[in-house]
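For reference, the chains in residue letters:
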Amino acid sequence: MNYFKFQAEKIFDGYEILDGTHVLIADSTGSIVEILPEASAGDDIKKFKGILSPGFINAHCHLELSHLKDVIPPHTGLIPFLLDVVGKRDFPMDVILDRIEKAEQEMWEGGIVAVGDIGNTANTISTKIKSKILWNNFVEVLSFTDEKASQMIGHYSGVLAEFEKATTSENHQFKSSLVPHAPYSVSKSTFNMINEMTANKVISIHNQENQAEDELYKSGTGDYMKFLGKFGLEKSPFPITGMSSLRSYLPLFNRHQRILLVHNTFIPEEDILFAINYSREKLAGIHFCLCVNANLYIENKMPPIRMLMENDAHIVIGTDSYSSNWQLSIAAEIKAIRKNIPTIPLQTILQWATINGAKALERDDILGSFEKGKKPGIVLLDDELHPTRLL
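Residues numbered from 1 in each chain as written. Predicted model: local features only at pLDDT ≥ 70, side-chain atom pairs only at ≥ 80, totals over all residues. Heavy atoms only, no water.

**What about the packing of aromatic side chains?**
How two aromatic rings sit relative to each other is given by the distance of their centres and the angle of their planes.
Argument step 1. One pass over the structure, following the stated rule, counts 12 aromatic pairs.
Argument step 2. Here Phe6 and Phe48 contribute two aromatic rings whose centre-to-centre distance is 6.1 Å and whose plane-to-plane angle is 35°, an arrangement assigned as tilted. Taken as a pair, Phe6 in strand S1 (residues 3–7) and Phe48 in the loop between strand S6 (46–47) and strand S7 (51–54) lie far apart in primary sequence, 42 residues in all.
Argument step 3. Owing to a relative accessible area of 2%, Phe6 belongs among the buried residues under this scheme.
Argument step 4. Ring centres of Tyr217 and Phe238 lie 6.0 Å apart, and the angle between their planes is 20°; this geometry places the pair in the stacked category. Residue Tyr217 is located in helix H6 (residues 211–219), and its partner Phe238 is located in the loop between helix H7 (224–229) and helix H8 (245–249); the two are separated by 21 residues in the primary sequence.
Argument step 5. A residue is classified by how much of its surface remains accessible, and Phe238, at 4% relative accessible area, is buried.
Argument step 6. Each member of the aromatic cluster is reached from another via a ring pair, and the members are Phe144, Tyr184, Tyr224, Phe227 and Phe231. (Phe/Tyr/Trp six-rings, centres within 6.5 Å; stacked < 30°, edge-to-face > 60°. Helix = DSSP H or I, 4+ residues; strand = E, 2+ residues; numbered from the N terminus. Buried < 20%, exposed > 50% of the residue type's maximum accessible area, 1.4 Å probe, protein only.)

Written as structure tokens, this is what we have:
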């Protein structure tokens, strides 16, 4: 068997940054063999400038919205943004499928090896079954009222069945599940149904992306009523709990799910601790997904990254979609975090982008780190953190 030997100024192995005296060895299938001192690695070493890293994990994306690139203007705020997404999805199918393919290619070339991908439709299947990327397909449920819960669960279960059929026939590495869209679009009965259908699954939910989300649960009022009015709802269909949205819906999940909380732009410290403590009792894990460029695109606001770090939150990184980002690049997300909070060590952010994301998607048996037998992909980052895929 042929072997590849890679050496760079530094190697990030998924956990720590090693100096340039080390050599990464992989076989011709992409499996990691070992990391050796240069003196023990022999000849035929390929040398590079920059940092070698495992492939990136994009923990949150909406590939099916790739046709909305440059369609929705930045800095509108979340409620107008949501109304734009609802109102501007009617594109010709050939355009939608073409943009999906181009976006998938962009992510692959940018060093992304696995994606937690949100979808309301099965439009992405034809691209995904040909893709080298590994996909966690999150079929997103919207059901505003208890009366419509069974009907909407039935509809989205049909979409899920299409992904499961594709998994059986084409790509055995698909992982697919139903997921709730957000606390402002899923009724209590719908949450309960999703809970029963997702035992031991990886799921995600858009969480506390706007201050009005908590207001909706605390008082039944606020800016989200503009969004709900688009669907013919004159008053909030959700229970008024007097608590934040997170404290209101998270206890509805108790079947050992692994949950990705996405965005968290307005999450308070007490809710971070609540989620972490609840996870220890009832869940397989809780992960806080940062989509920094999307937060800047929509609200021009950063999530409370330092607060998450101070409370030992398990952080992962996503790109969100082309409706809310200038690119689908984890490297660009890393650069945005470093630009806005330059004191965070690069090693820490690379952990979020690799091994943490792999654990969140339950792909860490093969991805996320340079450990023997894994096939995590090998990415070279130059001094500007521009990625080049090596393997």
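Read on, since the account is not over.
**Describing the environment of Asn192**
Argument step 1. Along the polypeptide, Asn192 turns up in helix H5 (residues 188–197).
Argument step 2. According to the relative accessible area criterion, Asn192 is partly exposed, its value standing at 34%.
Argument step 3. Along the backbone, Asn192 and Ala149 are 43 residues apart, and their C-alpha atoms lie at a distance of 9.7 Å.

**What to know about a negative patch on the surface**
Argument step 1. A surface patch of like charges, here negative, comprises Glu9, Asp382, Asp383 and Glu384.
Argument step 2. Considering the arrangement of structural elements, one finds Glu9 in the loop between S1 and strand S2 (10–12). (Patch = residues over 30% accessible without salt bridge, like charges linked within 9 Å, V, L, I, M, F, W, Y side chains within 5 Å. Areas by Shrake-Rupley, 256 points an atom, 1.4 Å probe, with all protein chains shown as cover. Salt bridge = Lys/Arg side-chain N within 4 Å of Asp/Glu carboxyl O. Lys, Arg positive; Asp, Glu negative; His and termini not counted. Charge placed at Lys NZ, Arg CZ, Asp CG, Glu CD.)

**Section: the nonpolar core**
Generally speaking, soluble globular proteins have nonpolar side chains that are buried together.
Argument step 1. Within the largest apolar cluster, 114 residues are counted, with the highest numbers of intra-cluster contacts made by Phe56, Phe288 and Ile334.
Argument step 2. In this structure, Leu18, Leu24, Ile378 and Leu380 belong to the second largest nonpolar core, which totals 11 residues. (Core = buried A, V, L, I, M, F, W, Y, C linked by side-chain atoms within 4.5 Å.)

**Some thoughts on the sheet that holds strand S4 (residues 22–27)**
Argument step 1. Across the sheet, 4 strands lie side by side as S5-S4-S1-S6; this open sheet has mixed pairing. At either margin of the open sheet sits one strand with a lone partner, and together these are strand S5 (32–37) and S6.
Argument step 2. Of the pairings in the sheet, the one linking S4 to S5 comprises 5 bridges and is antiparallel in character. In the strand pairing of S5, His22 is matched with Pro37. (Pairing = 2+ DSSP bridges.)

**Describing the side chain of His263**
Argument step 1. Secondary-structure assignment places His263 in strand S13 (residues 258–263).
Argument step 2. At a separation of 3.4 Å, a polar atom in the side chain of His263 contacts the side chain of Glu209.
Argument step 3. The contact partners of His263, leaving out residues within four places of it in the chain, are His60, His206, Asn207, Glu209, Cys289, Cys291, Ala294, Asn295, Pro303 and Asp320. (Polar contact = N/O pair within 3.5 Å; in protein donor to acceptor, adjacent residues only side chain to side chain. Contact = heavy atoms within 4.5 Å.)

**Re the pattern of salt bridges**
Argument step 1. Tallying each qualifying case throughout the model produces 8 salt bridges.
Argument step 2. Arg247 is paired through a salt bridge with Asp271; the nearest N and O atoms lie 2.7 Å apart. Of this pair, Arg247 sits in helix H8 while Asp271 sits in helix H9 (residues 269–282), and the two are 24 residues apart along the sequence.
Argument step 3. Look at Arg247 and you get partly exposed, because its relative accessible area is 27%.
Argument step 4. Overall, Asp271 belongs to the buried group, its relative accessible area being 1%.

**Re the packing of helix H12 (residues 330–340) against helix H13 (residues 346–360)**
Argument step 1. The contact between H12 and H13 brings their axes to 11 Å, and the two run at 145°. Between H12 and H13 the crossing geometry is right-handed. Contact with H12, carried on its side by Ile330, Ile334, Ile337 and Arg338, involves Leu346, Ile349, Leu350, Trp352 and Ala353 of H13 and no other residues of that element.
Argument step 2. Here the contact of H12 with H13 is built from residues that sort into 8 nonpolar, no polar and 1 charged. (Axes fitted to C-alpha atoms, helices over the stretch in contact; angles between N-to-C directions. Left-handed = near helix turned anticlockwise from the far one by under 90°. Nonpolar A, V, L, I, M, F, W, Y, C, P; charged D, E, K, R; others polar.)

**Regarding H13**
Argument step 1. The first and last C-alpha atoms of H13 sit 20 Å apart over 15 residues, in line with the 21 Å expected at 1.5 Å per residue.
Argument step 2. In the structure, H13 departs most strongly from a straight axis at Trp352, where the bend amounts to approximately 40°.
Argument step 3. Counting buried positions over the 15 residues of H13 gives 12, a clear majority of the element.
Argument step 4. When H13 is considered as a whole, its buried residues turn out to be Leu346, Thr348, Ile349, Leu350, Trp352, Ala353, Thr354, Ile355, Asn356, Gly357, Ala358 and Ala360.
Argument step 5. Backbone geometry just after H13 places Glu362 at a positive phi near 55°. (Expected span 1.5 Å × (residues − 1). Bend = angle between axes of the 7 residues up to and from the residue.)

**Some words on the sheet that holds strand S14 (residues 285–290)**
Argument step 1. With parallel pairing, 4 strands are arranged side by side in an open sheet as S12-S13-S14-S15. Single-partner strands in this sheet number two, and they are strand S12 (202–207) and strand S15 (315–317). With direction set aside, neighbouring strand axes in the sheet form an average angle of 30°.
Argument step 2. As paired strands, S14 and S15 are joined by 3 bridges and run parallel to one another. The partner of Leu290 across the bridge, within S15, is Ile317.

**Digging into the pairing of S4**
Argument step 1. Burial analysis of S4 places 5 of its 6 residues in the buried class, the great majority of the element.
Argument step 2. When S1 meets S4, the two strands line up antiparallel, connected through 4 bridges. Note that in S4 the partner of Phe6 across the bridge is Leu24.
Argument step 3. The hairpin formed by S4 and S5 contains 4 residues between the paired strands, and Gly30 there has a positive phi angle of roughly 95°.

**A few points about unusual backbone geometry**
Argument step 1. One non-glycine residue, Asp70, lies in the positive phi region at around 65°.
Argument step 2. With respect to the helices and strands, Asp70 occurs in the loop between strand S8 (56–61) and helix H1 (78–87).
Argument step 3. By relative accessible area, Asp70 is classed as exposed at 66%.
Argument step 4. For Gln208, which is not glycine, the phi torsion reads 45° and is therefore positive.

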